[in-house]
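The chain contents come next:
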Amino acid sequence: MTTSPADQTPAMGPRLAREQATMAAMMALYCHDHHGTRRGCCDDCAQLLDYARRRLATCPFGEEKPACNNCQVHCYSAIQRERVRVIMRYAGPRMLFRHPILSLHHLLAKRREAPPLAALKRERQALGHPRDGVTKP
Ligand SMILES: [Zn+2]
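Values in this document were obtained by computation on a predicted structure and should not be read as measured data.

Right, let's talk about the overall build of the chain for a bit. Scanning the chain from N- to C-terminus turns up five helices and zero strands. Counting from the amino terminus, helix and strand elements in the chain follow one another as α-α-α-α-α. Residues classed as buried in the chain amount to 17% of the 137 residues present. Expressed as a percentage of contacts within the chain between residues at least 6 apart in sequence, the contacts between residues at least 24 apart total 73%.

With that out of the way, let us pick up the nonpolar core. Met26, Met27, Tyr30 and Leu49 are the most contacted members of the largest nonpolar core, which totals 16 residues. Counting residues per element, the ones that place at least two in this core are α1 (14-35), α2 (43-57) and α3 (78-98). Not counting residues within four places of it along the chain, the set of residues in contact with Tyr30 comprises Ile87, Tyr90 and Ala91.

For the chain, mean pLDDT is 81; residues scoring 70 or higher make up 77% of the total. When the elements of the chain are averaged for pLDDT, helix α5 (residues 117-128) gives the smallest value, 62, and α2 the largest, 94.

About the cut-offs
- Residues numbered from 1 in each chain as written.
- Predicted model: local features only at pLDDT ≥ 70, side-chain atom pairs only at ≥ 80, totals over all residues.
- Helix = DSSP H or I, 4+ residues; strand = E, 2+ residues; numbered from the N terminus.
- Buried ≥ 20, exposed ≤ 12 C-beta atoms within 10 Å, placed from the backbone.
- Contact = placed C-beta atoms within 7 Å.
- Core = buried A, V, L, I, M, F, W, Y, C linked by C-beta atoms within 7 Å.
- pLDDT = per-residue confidence, 0-100.

Structure (structure tokens):
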């Protein structure tokens, strides 16, 4: 019997969904090599993956999300960030062979610049308060 908690993660767009799949694949790879897990992840890694998944689902950029290492929003706690960084560094190059497609997307995504969050907010505000069109006398 499985008593999995209700699926509360908000719907993700294709980019976030793919990023989540990449993350899961990388963690499984790391866990397999470091913790001897045959399939999926050990409890520890599964917990981290769950954490990462939540952060991803609530990313303020949504589908415009930059690569996490280009992002100014530090939504991970320092400890979790370091753990993920170690996993990514290990799994990154190995992903090329095991998951070439995901890996390719990941490499492309890495080059994406982070849209400045401040500008994002300003844009939203500007929609409510059009400021331009100020004419000089
Ligand atoms: Zn593990």
